[in-house]
Amino acid sequence: MNTEFESLFKPMKIGKMEVKNRIVMTAMGIHSHRLVNEDGSYSLDGANYFIERAKGGVGLIVTGAMQVQDWFERVPGSAHNINKVADTYIKNSKYLVDNIHSYGTKIVVQLTAGSGRTAPQWLCEGDAIAPSDDLPNVWNPAIRHRALTIPEIQHYIECFANGAAIAKEAGFDGVEIHAVHEGYLLDQFTMSCTNKRTDKYGGSLENRLRFPCEIVQAIKAKCGNDFPVMVRYSVRSYMKGFNKGALPGEEFEEFGRDLEESTKVAKILEEAGYDALDADNGTYDSWYWSHPPVYMPKACNLKDVKYIKKFVNIPVICAGRMDDPYTAADAVASGEIDAVGLARPLLADPEWPAKVQRGDIEDIRPCIACHNGCLARIFEGKDMCCAVNPAVCREKAYELKPTKEKKNVVVIGGGIGGMEAARVSALRGHNVSLYEKSEELGGVFIAAAAPDFKESDKELIKWYKLQLNKLGVKIHLNTEVTPDLVTSLHPDEIFVATGSKAKKLPVPGIDGKNVVTAIDALLKKKPIGNKVVVVGGGLTGCEIAYDLAKDGKQVTIIEVLDDILKVKGLCAANANMLRELLAYYNVEVLVNTSLSAVTEGSVTVKTADGLKNIEADTVITAVGYNSDNRLYEQIKDCGVPVHLIGDAKQVSNLMGAIWDAYEVAMTI
Ligand SMILES: Cc1cc2nc3c(=O)[nH]c(=O)nc-3n(C[C@H](O)[C@H](O)[C@H](O)COP(=O)(O)O)c2cc1C
Ligand code: SF4
């Protein structure tokens, strides 16, 4: 074992449960019918997803959230209530529990009280509940929630106790209560901004905490004191108001739970009987703390979580971009926290624990905090997966099998898609050569990864280079592939991953010296003046605007659509934070506005109110890309299979490029 990280591999106890190391896989709710049975137990695919993480060395797994009742917030077409389906749930959980235990990993079920005002519309239709009357729904503030009655609260508590007993009978090692965290229903009870009750469940802090406290007491009474009960806990809310988050470093008055109150809350939860705090920060109103996007610093919750640990004696776990193993090991070694909570990093690389234990840090495939493959897909009603690891939640179907027939594979284009095609082909045993016309691997992703908040993206490029090197892929840089070169290579299979070309707007002045493409701006290939107009309010344009504005530039975004960030598959946690950052750094956003002309020192734009001039030292165009499939058209009939992949086939995002390459390369 690498001694640098040994703190992460010491056992710990949560109540009477011994966990083999300090690495906890925090909950990720998977809901689709392919992954979860009608009774809420995990299907074979769902179970195999967890088993893969146990195999990778994680000490404790928390399952996704499971309902305990079906009076409220019923998931359409699904039972998903542990109490309703106990018999089959117990039977169907055996495969999961036994396999997890065979790796020495523990597993607890996350039992949820549900969402309250954070419920998406489809979940609260008919009966939108909350601690108090008239609370606005997070997604649609026009929906007002009604207060739960005391008999309804007591029904919940009974359901939690029964649900925990069922989990215990099914062989799970404990339960985690969801959640005095992220602004969910129980959290709404604990915060004075959302709990205006005047009965014993409202008013004083003790009253506001009565509901989660009675839950743990009822569970312990039913399942025994030794049965571990953890609680998901957000230390601070970082709310400026409903649907208004507070950014890191921003001065604000806390509308939700502040640090001082949190010290008392943590103690009350401990005294009530909870065995561990599985901690982070934030609510749906400041979602980027609970679901930190790429703009959030790594270990963003550590400062607050380690503060709270001083006030309790039970183990404290800290989640939220904790995937830097050095930070994680230091925090545990110094006793600041007891364990590190990882969610997305274990999607990107299930072997994170084993690789850290061996000291193979550079071999860990990084999570790039994009949410494209995981959280965003869940909210689109799709199976959870991962942008950089297409095998998530389909571990068996996407397992890479060694090839029976070793082939000469030529990959043309060294962007992310090309590198993934080369990696997967080589992993399967093919003889792979990769040709890249520039002097570096990475393609357009080099530019996308350039801002300082894109450290994980840079790590991903590094990771690909290392993997190709280890796998013996023959890399030819500065080599433009021609049809003649293809013929001379005698390939058996060809991947064409020639990427895309930036679109050019047909407006007067677009070839002017003051006009810079998004890629050149990101790579800082041309000087950028103080007054900047960014044309295009998609993800690239908005990220460039944020990057420049935080460096003190005066930035205006013009967007032809009626809103910025209208990007398919973009997660609300990422979009909300980027919008708030743009506002914080005073970026002016003009929607329903198109570029008419560029002159030296200004642009003319067309708005709903007519033409307008905006001063601009530099104009950055971020208006999208067109596929570059010219080489493919020349060689597609060369007599061997030619696979057009990634942006060269259809312009998409990083996830599209990786998945496309993987799916073809796993079959050749
Ligand atoms: C797809 C997805 C689903 C999640 N579902 C849950 C959940 O059901 N319960 C919960 O407490 N946290 C949930 N989380 C939050 C994670 O447990 C974790 O706290 C968060 O992703 C930050 O940690 P990370 O940076 O290691 O991913 C979810 C996160 C993701 C990405
Ligand atoms: S989809 Fe993106 S954020 Fe989610 S786990 Fe994968 S890399 Fe991380």
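By convention here, each chain's residues receive numbers from 1 onward along its written sequence. Labels are handed out in written order, letters beginning with A for the chains and numbers beginning with 1 for the ligands. Restriction of local features to residues with pLDDT of at least 70 applies here, the model being predicted, together with a cutoff of 80 or more for giving and counting side-chain atom pairs; totals for whole chains, interfaces and linings are based on all residues. Heavy atoms throughout the structure, all of them, feed into the side-chain values; hydrogens and water do not.

- In the annotation of an unreviewed UniProt entry, the protein chain is listed under the name FAD-dependent oxidoreductase and assigned to Calorimonas adulescens.
- UniProt positions are given in the numbering used here, feature names are shortened, and annotations may be inferred rather than shown by experiment. UniProt's Sequence similarities (unreviewed entry) comment on the protein chain is quoted here verbatim: "In the N-terminal section; belongs to the NADH:flavin oxidoreductase/NADH oxidase family."

### Some words on the site of ligand 1
Link 1 in the chain: Nearness of a residue to a molecule or strand requires only that one of the residue's heavy atoms be within 4 Å of it. Lining the immediate environment of ligand 1, one finds 22 residues, of which A27, Q110, R321, A343 and R344 sit closest.
Link 2 in the chain: In protein, a polar contact means a hydrogen-donor-capable atom and an acceptor-capable atom, both N or O and within 3.5 Å, with residues adjacent in sequence counting only if both atoms are side-chain atoms; elsewhere, any N or O pair within 3.5 Å suffices. One of the backbone N or O atoms of A27 is found 2.6 Å from an oxygen atom in ligand 1.
Link 3 in the chain: Between R344 and ligand 1, the recorded distance is 2.7 Å, taken from a side-chain N or O atom to an oxygen atom.
Link 4 in the chain: The Shrake-Rupley method, run with a 1.4 Å probe, gives the accessible areas here. Residue values count only the displayed protein chains as cover. When the free accessible area of ligand 1 is taken as 610 Å², the share hidden by the protein chains comes to 96%.
Link 5 in the chain: Strands are runs of DSSP state E lasting at least 2 residues, helices are runs of H or I lasting at least 4, and numbering of each runs from the N terminus. At the level of secondary structure, the elements contributing two or more residues to the shell around ligand 1 comprise α13 (344–348) and α15 (375–379).
Link 6 in the chain: Partitioning the shell around ligand 1 into residue classes produces 11 nonpolar, eight polar and three charged. Following the grouping adopted for this structure description, the nonpolar residues are Ala, Val, Leu, Ile, Met, Phe, Trp, Tyr, Cys and Pro, the charged ones are Asp, Glu, Lys and Arg, and the polar ones are all others, Gly among them.

### A short note on the packing of aromatic side chains
Link 1 in the chain: Centres within 6.5 Å are what make two rings of Phe, Tyr or Trp a pair, Trp counting through its six-membered ring; a difference in plane orientation under 30 degrees is then read as stacked, over 60 as edge-to-face, and the rest as tilted. Evaluation of the coordinates by the stated rule reveals 26 aromatic pairs.
Link 2 in the chain: For the pair Y284 and W287, a centre-to-centre distance of 4.9 Å together with 35° between the ring planes defines the contact as tilted. With respect to class, Y284 is no different from W287; both count as buried.
Link 3 in the chain: Each ring, one from Y584 and one from Y585, has its centre 5.1 Å from the other, and the planes form 85°; the classification is edge-to-face.
Link 4 in the chain: An aromatic cluster of at least three residues, connected via ring pairs, comprises W71, F72, Y156, F189, Y201 and F211.
Link 5 in the chain: For a Lys NZ or an Arg CZ to count as sitting over a ring, it must be within 6 Å of the ring centre and within 35 degrees of the ring normal. Cation over ring: R394 sits above W659, and NZ or CZ is 4.6 Å from the ring centre. Note on classification: 1.4 Å probe, protein chains only; a residue is buried when its accessible area is under 20% of the maximum for its type, exposed when over 50%, partly exposed between these limits.

### So, the site of ligand 2
Link 1 in the chain: If you check the shell around ligand 2, you find R344, L347, C367, I368, A369, C370, H371, G373, C374, C386 and A387 and nothing else.
Link 2 in the chain: Residues that form the shell around ligand 2 fall into these classes: eight nonpolar, two polar and one charged.

### Remarks on the side chain of H178
Link 1 in the chain: Relative to the helices and strands, H178 resides in strand β9 (residues 174–180).
Link 2 in the chain: Within the structure, the side chain of H178 is placed 2.7 Å from the side chain of T112, a separation counted as a polar contact.
Link 3 in the chain: Here a residue-residue contact requires only that any non-hydrogen atoms of the pair lie within 4.5 Å. If near-sequence neighbours (up to four positions away) are discounted, H178 is found in contact with A65, Q110, L111, T112, A113, Y184 and L186.

### Considering the side chain of S290
Link 1 in the chain: Residue position: S290 is located in helix α10 (residues 287–290).
Link 2 in the chain: Within the structure, S290 has its side chain in polar contact with the backbone oxygen of N281 (distance 3.0 Å).
Link 3 in the chain: Those residues in contact with S290, other than ones at most four positions away along the chain, are E182, D280, N281, G282 and T283.

### As for the packing of helix α21 (residues 539–550) against helix α22 (residues 572–584)
Link 1 in the chain: Running from N to C, α21 and α22 point in directions that differ by 40°, and their axes come no closer than 9 Å. With respect to their mutual orientation, α21 and α22 come out oblique. As for how α21 packs across α22, the hand of that crossing is left-handed. Contacts between α21 and α22 involve L539, C542, E543, A545 and Y546 from the first element and L578, L581 and L582 from the second. In this analysis, axes come from line fits to C-alpha atoms, helices being fitted only over the stretch in contact, and the angle between any two N-to-C directions falls in the range 0 to 180 degrees. An angle below 35 degrees is read as roughly parallel, one above 145 as roughly antiparallel, one from 65 to 115 as roughly perpendicular, and any other as oblique. In this scheme the crossing of two helices becomes right-handed for a clockwise turn of the near helix relative to the far one and left-handed for an anticlockwise turn of less than a right angle.

### A short note on the environment of P451
Link 1 in the chain: Tracing the sequence through the fold places P451 in the loop between α17 (444–448) and α18 (455–470).
Link 2 in the chain: Measuring from C-alpha to C-alpha, the distance between P451 and N313 comes to 41 Å, with 138 residues separating the pair along the chain.
Link 3 in the chain: Apart from residues no more than four positions distant in its own chain, P451 is found in contact with K458, L522 and D547.

### Brief notes about α22
Each α-helix turn comprises 3.6 residues. Residues three or four places apart therefore point the same way.
Link 1 in the chain: In this scheme, a helix's expected span is set at 1.5 Å multiplied by one less than its residue total. Between the first and last C-alpha of α22 there are 18 Å, a value that for 13 residues agrees with the 18 Å anticipated at 1.5 Å per step.
Link 2 in the chain: Every buried residue of α22 is listed here: A573, N574, A575, M577, L578, E580, L581 and L582.
Link 3 in the chain: On its buried face, α22 is in contact with β12 (244–245), α10, α21 and β23 (554–558).
Link 4 in the chain: Looking one or two residues beyond α22, the residue adopting positive phi is N586, at roughly 60°.

### Considering the sheet that holds strand β18 (residues 474–476)
Link 1 in the chain: When DSSP finds at least two bridges between two strands, those strands are taken to pair. In spatial order, the strands read β18-β17-β16-β19-β30; together these five strands make up an open sheet with parallel pairing. Each having just a single partner strand, β18 and β30 (642–644) make up the two edges of the open sheet. When the angles between neighbouring strand axes are averaged without regard to direction, this sheet yields 15°.
Link 2 in the chain: By the bridge criterion, three bridges tie strand β19 (residues 493–496) to β30 in an arrangement that is parallel. Residue pairing in the sheet places F495 in a bridge with H643 of β30.

### Overview of the pattern of salt bridges
Link 1 in the chain: Each salt bridge in this description consists of a side-chain nitrogen of Lys or Arg and a carboxyl oxygen of Asp or Glu lying within 4 Å of one another. By the definition in use, this model includes 43 salt bridges.
Link 2 in the chain: Two residues, D363 and K470, come together in a salt bridge whose shortest N-O distance is 3.1 Å. Taken as a pair, D363 in the loop between α14 (352–358) and α15 and K470 in helix α18 lie far apart in primary sequence, 107 residues in all.
Link 3 in the chain: Measuring nitrogen to oxygen at the nearest pair gives 3.5 Å for the salt bridge that ties K465 to E440. Of this pair, K465 sits in helix α18 while E440 is found in the loop between β17 (431–435) and α17, placing the two residues 25 residues apart along the sequence.
Link 4 in the chain: Given a relative accessible area of 31%, K465 falls into the partly exposed group.
Link 5 in the chain: What you see here is one network of salt bridges that share partners, running through R34, D45 and D383.

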